[in-house]
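# Examination of the molecular architecture
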Amino acid sequence: MILLIGGVFLFNCQKKHKNESGLNDNLYIVLLDYQKKNPIPSDDEIKKKRIFINPKDAKYVFEVIIDKNEKDTLLSVTLESRGVKRENSSYGIYSDKNLKPTYIIDENKIGKNFIKEYKQRNLDTFTFKDLVIDDTMYPVYFYKAARNKLILYDSMRGNVKK
């Protein structure tokens, strides 16, 4: 179980972790939860599951998309095996001792309540220069922002079996 104490420290099985990612604690906790449920597969797991990407070519990165409809700020979280989608609005790479490499697409910087610093570091490390054909889809979790909190409201199953 993960607890937020004083907005700064996270506890997981009595281990003390500090959020040093550059992300708000609410988003950080959501990402840690997603990453625990959907970890980056090892090369052996990729071969067993017959994921259609060469393990040495995979560029796994967690992806957050922040968007807005008429009244709500919406976030989606997924694991992407094809690396970073290069857009003008791609920010990252966010990571620390606990958070695996994560990047954010936020066209109008509407996620400023969840992002302490809009970074543009190491994106090239997770970007393919050529077209990659890969039909792997990991689960997508959808959240609504309500008073700077993120509330899970839907999910979409991927095609990767656990």
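Residues numbered from 1 in each chain as written. Predicted model: local features only at pLDDT ≥ 70, side-chain atom pairs only at ≥ 80, totals over all residues. Heavy atoms only, no water.

### Section: the layout of surface pockets
Which parts of space are left empty comes out when a probe the size of a water molecule is rolled across the atoms. As a reminder of what qualifies: Cavities and pockets are defined on a 1 Å grid built over the protein atoms alone: a cavity is a set of grid points where a 1.4 Å probe fits but cannot escape, while a pocket is an open set with protein on both sides within 12 Å along at least five of seven lines, and lining residues are those with an atom within 4 Å of any such point. Grid points are joined across faces, edges and corners, and a volume is the space filled by probe spheres set on the points. Under the DSSP-based scheme used, a helix requires at least four consecutive residues in state H or I and a strand at least two consecutive residues in state E, with every element numbered from the N terminus. Think of it as three bins: nonpolar holds Ala, Val, Leu, Ile, Met, Phe, Trp, Tyr, Cys and Pro, charged holds Asp, Glu, Lys and Arg, and polar takes everything else, Gly as well.
Quantified by volume, the second largest pocket comes out at close to 170 Å³. As for the second largest pocket, its lining consists of 14 residues, of which Thr78, Glu80, Met137, Tyr138 and Val140 are closest to the centre. At the level of elements, strand S4 (61–68), strand S5 (73–80) and strand S8 (140–146) are the ones that each hand at least two residues to the lining of the second largest pocket. With four residues, S5 is the single largest residue contributor to the lining of the second largest pocket. Across the lining of the second largest pocket, the residue classes tally to seven nonpolar, three polar and four charged.

### Here we look at unusual backbone geometry
In this model, glycine 92 is joined to isoleucine 93 through a cis peptide bond whose omega is 0 degrees. With a phi angle near 60 degrees, asparagine 122 is a residue other than glycine that sits in the positive phi range. Looking at the secondary structure, you find asparagine 122 in the loop between strand S7 (102–105) and S8.

### Thoughts on the sheet that holds S8
Convention followed: A pair of strands counts as paired when DSSP detects no fewer than two bridges linking them. Axis geometry follows a simple rule: fit a line to the C-alpha atoms, using only the stretch in contact for helices, then measure angles between N-to-C directions, giving values from 0 to 180 degrees. Residue contacts follow a heavy-atom distance rule, with two residues in contact if any of their heavy atoms lie within 4.5 Å.
Taken together, six strands build an open sheet; the order of strands is S6-S7-S4-S5-S8-S9 and the sheet is mixed. At either margin of the open sheet sits one strand with a lone partner, and together these are strand S6 (90–94) and strand S9 (149–156). Put simply, the sheet's adjacent strands are angled 25 degrees from each other on average, direction ignored. As paired elements, S5 and S8 share four bridges and run antiparallel to each other. Paired with valine 77 across the bridge in S8 is tyrosine 141. Packing of helix H1 (residues 25–37) onto the sheet brings it into contact with S4, S5, S7, S8 and S9, and relative to S5 it is tilted by some 35 degrees.

Spatial relationships are all this shows, so hold off on functional conclusions.
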